Structure formats: C-alpha cells, structure tokens
Amino acid sequence: MATLVRHPLIDEILDARREYARGRAAAFEGYRNHAHRVYNFACSLASFSPEDSDKVAIAAAFHDLCAFDGLDYLEPSIEEAAAYLRSTGRERWDREVALTIAFHHRVRPYRGEAAELVEPFRRADWNDFTMGVVGGGIARELRRAADAEFPVGDFVPKAVTALALSWLPRHPLRPAPVFRGAAALRRTGR
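Nothing here was measured: the structure is a model prediction, and the numbers come from that model.

1. Details of the overall build of the protein chain
- When you go through the protein chain residue by residue, the secondary structure sums to 9 helices and 0 strands.
- Put simply, the protein chain runs from its N terminus to its C terminus through helices and strands in the order α-α-α-α-α-α-α-α-α.
- Residue pairs at least 24 apart in sequence account for 69% of intrachain contacts in the protein chain once pairs closer than 6 positions are excluded.
- Accessible area of the protein chain: about 8,800 Å², with a carbon and sulfur share of 56%.

This is the structure:
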C-alpha cells in the first residue's frame, strides 16, 4: 500500500486562500483533506515524476476551490490555478493543470491530452466524492487509511450535497456545470 503524504504545495496554496470558504472554516478544512486524499489516491494509481506530482498537487488544491460559491466553479477554479502558475513561474503547466481540473468529474474514462495526469486524478476524485462507492482502483486499505489521516469533514458530504440539491430543482434536465469540462476549457481559452 502507498504511504500517505501531505504534499506541501497543497497546504501552501490553501493556506493563502482561506477566504474562499466565506467563513466556513470546517468546510474549508474538509476541502483541504479532500485535496490531500485525491492527491494520494491519484499517486496510488500512477507513477508520477516529481514534476507531474507537483502538477497533480496543484490541480488537487484548486480543482474544487471555487465550489464554495456554487456549482458553476470549473472556470473560476481553472483561472485561479492559472494565476497561481503564472505567479510561480510554472505557466508552461497551465494546459495540463487546466485539463485535470476541467475533466475531474467526467463520468467516462478520459483518454485525451495529458491522460496520464487527468485519468488517475479523475478516478481518485470519483472515489473520494462517492466516499469509496466508486472504487476506481483505489485499494480499500488506502481508502480507510486516508479517511483516518485526512478526515472527510464537512466538505464532501455537506457542502457538495447542498450545492447539488440547490441545482437539481431549478435545472432537472440539464447537467450541472461541473460535468461540462470541455465548455469550461473553451470559455477560459484553454
């Protein structure tokens, strides 16, 4: 079983962005733990180079960051990640990080550009979002260890459920924006 790690970039990025939670500290810490679980799950599915590991950590930190404002958060999350990459001299990673964020909720396997990053991340997020119901190749022992090390908290079960329930009555036949990654990429010019 893979060893669980706290990637320092995730904590560095999120420590500088606490205001995104709009005062919901417990939900923000739940999101931090979600980001660490997704990162660890993705690493258990692929052998990333150190550079790719950093790309996945950055995507993990930003992928749902703007969800505190509603379900239409892919574009703002992609834009926030891009601003961070520019400010840290990593702008050449923009496309790969944007793809990873845009397609992390894709239902079917992803086989496009940067699939070596996007697909393990997508499977890791589905496992975490469904609290292990969708396995995605994540070992149950790793899931249990990650839940103990990075408790689920208020983000996944409470905040995300509330957002989904607010969308469904208003748009029963329209997929939520989080499932429209290609549109988010187009609108952000990526």
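2. So, the side chain of Glu119
- Relative to the helices and strands, Glu119 is located in helix H6 (residues 115-129).
- Only 2.8 Å separates the side chain of Glu119 from the backbone nitrogen of Tyr110, close enough to count as a polar contact.

3. A look at the nonpolar core
- Core analysis: the biggest nonpolar cluster contains 52 residues, and Leu14, Ile58, Phe62, Val97 and Ile101 have the highest contact counts within it.
- Where this core is concerned, the elements lending two or more residues are helix H1 (8-15), helix H2 (25-45), helix H3 (50-62), helix H4 (74-87), helix H5 (94-102), H6, helix H7 (140-149) and helix H9 (181-187).
- Ranked by residues supplied to this core, first place goes to H2 with 8 residues.
- Residues in contact with Ile101, not counting those within four places in the same chain, are Ala59, Phe62, His63, Leu74, Ser77, Ile78 and Ala81.

4. Re H4
- Taking 1.5 Å per residue, 14 residues should reach 20 Å; H4 reaches 20 Å between its end C-alpha atoms and fits that length.
- Every buried residue belonging to H4 is among Leu74, Glu75, Ser77, Ile78, Ala81, Ala82, Tyr84 and Leu85, and all of these are buried.
- The elements touched by buried residues of H4 are H1, H3, H5 and H9.

5. Things to note about the packing of aromatic side chains
- In total, this model carries 5 aromatic pairs according to the counting rule given.
- Ring centres of Phe28 and Phe68 lie 6.3 Å apart, and the angle between their planes is 35°; this geometry places the pair in the tilted category. Here Phe28 is found in helix H2, whereas its partner Phe68 is found in the loop between H3 and H4, with 40 residues between them in sequence. Here the two residues Phe28 and Phe68 agree in accessibility, since each one is buried.
- Taking the centre distance of 5.1 Å and the plane angle of 25° together, the rings of Phe103 and Tyr110 count as stacked.
- The buried category is assigned to Phe103, whose relative accessible area is 12%.
- Clustering of aromatic rings is evident, with ring pairs tying together Phe28, Tyr31 and Phe68.

6. Topic: the environment of Tyr39
- By the element assignment, Tyr39 lies in helix H2.
- Taking relative accessible area as the criterion, Tyr39 reaches 4% and is therefore assigned buried.
- The sequence separation of Tyr39 and Ala60 amounts to 21 residues, and the corresponding C-alpha distance is 6.0 Å.
- Beyond its immediate stretch of four places on either side in the chain, Tyr39 contacts Val5, His7, Ile10, Ser53, Val56, Ala57 and Ala60.

7. Some words on the pattern of salt bridges
- For the coordinates displayed, the defined rule picks out 19 salt bridges.
- Its salt-bridge partner being Arg143, residue Asp147 comes within 3.1 Å of it at the nearest N-O pair. With a gap of 4 residues between them, Asp147 and Arg143 both fall in helix H7, about one helical turn apart.
- Connected via shared salt-bridge partners are Arg6, Asp11, Asp15, Arg18, Glu29 and Arg32.

Calculation criteria
Residues numbered from 1 in each chain as written. Predicted model: local features only at pLDDT ≥ 70, side-chain atom pairs only at ≥ 80, totals over all residues. Heavy atoms only, no water. Helix = DSSP H or I, 4+ residues; strand = E, 2+ residues; numbered from the N terminus. Contact = heavy atoms within 4.5 Å. Areas by Shrake-Rupley, 256 points an atom, 1.4 Å probe, with all protein chains shown as cover. Polar contact = N/O pair within 3.5 Å; in protein donor to acceptor, adjacent residues only side chain to side chain. Core = buried A, V, L, I, M, F, W, Y, C linked by side-chain atoms within 4.5 Å. Buried < 20%, exposed > 50% of the residue type's maximum accessible area, 1.4 Å probe, protein only. Expected span 1.5 Å × (residues − 1). Phe/Tyr/Trp six-rings, centres within 6.5 Å; stacked < 30°, edge-to-face > 60°. Salt bridge = Lys/Arg side-chain N within 4 Å of Asp/Glu carboxyl O.

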